[in-house]
Amino acid sequence: MKNQTLQWHPAFYAGMQIELCEESENLVFENEHQLGTKPKEIDALIIKRNSDIPIRKNIGRIFRKHNIIEYKSPADYLSIDDFYHVYAYACFYKSDTVRQNEISAEDITISFVCTNYPRKLMNHLKTERHYSINVVEAGIYYIEGDFFPIQVICTSRLTDEDNFWLHNLSDRIHTKEQALKVMRKYEKHTNENLYESIVDIIVSANNTAFKEVHGMCEALKKIYAEEYKELLEKKDAALKEKDALLEEQNIALQEKDTYILELERKLAAL
């Protein structure tokens, strides 16, 4: 019988339980344990076209050929288990190829991007994994001691001078001065989709601060005008839907009245 027709995995699972039977009271065995409820997804993947050319930008100096990025929104945090989750993704990414060793492990890096400094994770990496954590510059930390080059980027600690948009991609813009600074930067790129996308989120997340500078910036007037237009369109659509429902109700009532009149006519004829 050829090897590919044999069911090796169920036999292995049974063998493991046999080998560990004396410890079974302290063990829980699960066959084919599902990893999550959604398909495995890497938040962002950056591949260098030419791996020999170094990246000059501070957040990308660590990059090699294949760079896996995990992003946590301001409402989320980077946990210890997140680290292992993404680390596993890096291993899976390395092995998910057609040819054996098609992607070298030496060509993979992992970047974690979060708003707050992940103190519990960093302590875990130092005390449990015995990694060293080096502050490269404000907000950028290299985790050294692993085969994969790893960095943690804390956007709240980045500077406006070096990483303006990542630093301001938050829900913590509280002053009209900073809000106006964002819009002044955006005015140079109002026709570019990437900037429009990030500014829309920043404005929505910090509505109070940006409404204070509403009349001071043409770009912001446009954003709020479009927002107001969108609300009016939704309101019009809702009113049309309401009118359609009322029309359906009127038709149903008319049909009911007609039916009752017809029924009364037939009863009178009897």
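Now for a description of the structure that goes with this document. (Residues numbered from 1 in each chain as written. Predicted model: local features only at pLDDT ≥ 70, side-chain atom pairs only at ≥ 80, totals over all residues. Heavy atoms only, no water.)

## Focus: the pairing of strand 2 (residues 66-71)
The following threshold applies: We call a residue buried when its accessible area falls under 20% of the maximum for its residue type, exposed when it is over 50%, and partly exposed in between, using a 1.4 Å probe and counting protein chains only. Think of it this way: any DSSP run of H or I at least four residues long counts as a helix, any run of E at least two long counts as a strand, and we number them from the N terminus. DSSP bridges decide pairing: two strands pair if at least two such bridges lie between them.
When you tally the buried positions in strand 2, you get five out of six residues, the bulk of the element. Across four bridges, strand 1 (residues 44-47) lies against strand 2 in antiparallel orientation. Directly across from Ala44, in strand 2, lies its bridge partner Ile69. Inspection of the sheet shows strand 2 paired to strand 3 (residues 108-114) by six bridges, in the parallel sense. For Asn67, the partnering residue across the bridge sits in strand 3 and is Thr109.

## Description of the sheet that holds strand 6 (residues 150-154)
Rule in force here: Whenever a helix is involved, its axis is fitted only over the stretch in contact; in every case the axis is a line through C-alpha atoms, and angles between N-to-C directions fall within 0 to 180 degrees. Should any heavy atoms of two residues lie within 4.5 Å, those residues are counted as being in contact.
Taken together, the six strands give an open sheet; going across it, the order is 1-2-3-6-5-4, and neighbouring strands pair in mixed fashion. Each end of this open sheet is capped by a strand with a single partner; those strands are strand 1 and strand 4 (132-137). Averaged over all adjacent pairs, the angle separating strand axes in this sheet is 25°, with direction ignored. As paired elements, strand 5 (residues 140-144) and strand 6 share four bridges and run antiparallel to each other. Looking at strand 6, one finds that Ile140 is bridged to Ile153. The strands touched by helix 2 (residues 80-95) within the sheet are strand 1, strand 2, strand 3 and strand 6, with strand 3 carrying the most contacts at an inclination of about 150°.

## Remarks on the pairing of strand 3
Note the cut-off: When the strands point away from the viewer and the path from the first strand over the helix to the second turns clockwise, the crossover is right-handed.
Counting buried positions along strand 3 yields seven of seven residues, so the element is predominantly enclosed. In strand 3, alternate side chains face the same way, and those of Ile108, Ile110, Phe112 and Cys114 on one face and Thr109, Ser111 and Val113 on the other are all buried. With helix 2 bridging strand 2 and its parallel neighbour strand 3, the resulting β-α-β unit is right-handed. As defined by bridge partners, strand 3 adjoins strand 6 across five bridges and the pair is classed as parallel. In the sheet register, Val113 faces strand 6, and the bridge partner there is Ile153.

## Details of the side chain of His66
Formally: Nitrogen and oxygen atoms within 3.5 Å of one another constitute a polar contact, given that in protein one can donate a hydrogen and the other can accept it, and given that sequence-neighbouring residues count only through two side-chain atoms.
Residue position: His66 is located in strand 2. By relative accessible area, which is 12% here, His66 ends up buried. In terms of polar contacts, His66 uses its side chain to reach the side chain of Tyr93, at 2.8 Å. Ignoring sequence-local partners within four residues, the contact set of His66 consists of Ile46, Ile47, Tyr93, Ile103, Asp107, Ile108 and Thr109.

## Overview of the pattern of salt bridges
Counted only if it meets this: What counts as a salt bridge is simple: a side-chain nitrogen of Lys or Arg found within 4 Å of a carboxyl oxygen of Asp or Glu.
One pass over the structure, following the stated rule, counts eight salt bridges. Residue Arg129 pairs with Asp146 through a salt bridge whose shortest N-O separation is 3.7 Å. Placement of Arg129 in the loop between helix 3 (119-127) and strand 4 and of Asp146 in the loop between strand 5 and strand 6 is noted, with a sequence separation of 17 residues between them. Among the ionic pairs, Arg172 bridges to Asp171, the shortest N-O distance being 3.9 Å.

## Here we look at the packing of aromatic side chains
Rule in force here: Only Phe, Tyr and Trp rings are paired, with Trp represented by its six-membered ring, and only when their centres lie within 6.5 Å; those with planes under 30 degrees apart are stacked, over 60 edge-to-face, the remainder tilted. Cation placement over rings: the criterion is NZ of Lys or CZ of Arg within 6 Å of the ring centroid and within 35° of the ring normal.
Counted by the stated rule, this structure contains eight aromatic pairs. For the ring pair Phe83 and Phe112, a centre distance of 5.6 Å and an interplane angle of 25° mean the geometry is stacked. In this pair, Phe83 sits in helix 2 while Phe112 sits in strand 3, placing the two residues 29 residues apart along the sequence. Across the pair, exposure class does not vary: Phe83 and Phe112 are buried alike. Counting every residue linked through ring pairs, the aromatic cluster contains Phe83, Tyr84, Tyr87, Phe112, Phe147 and Phe148. Cation over ring: Lys185 sits above Phe164, and NZ or CZ is 5.2 Å from the ring centre.

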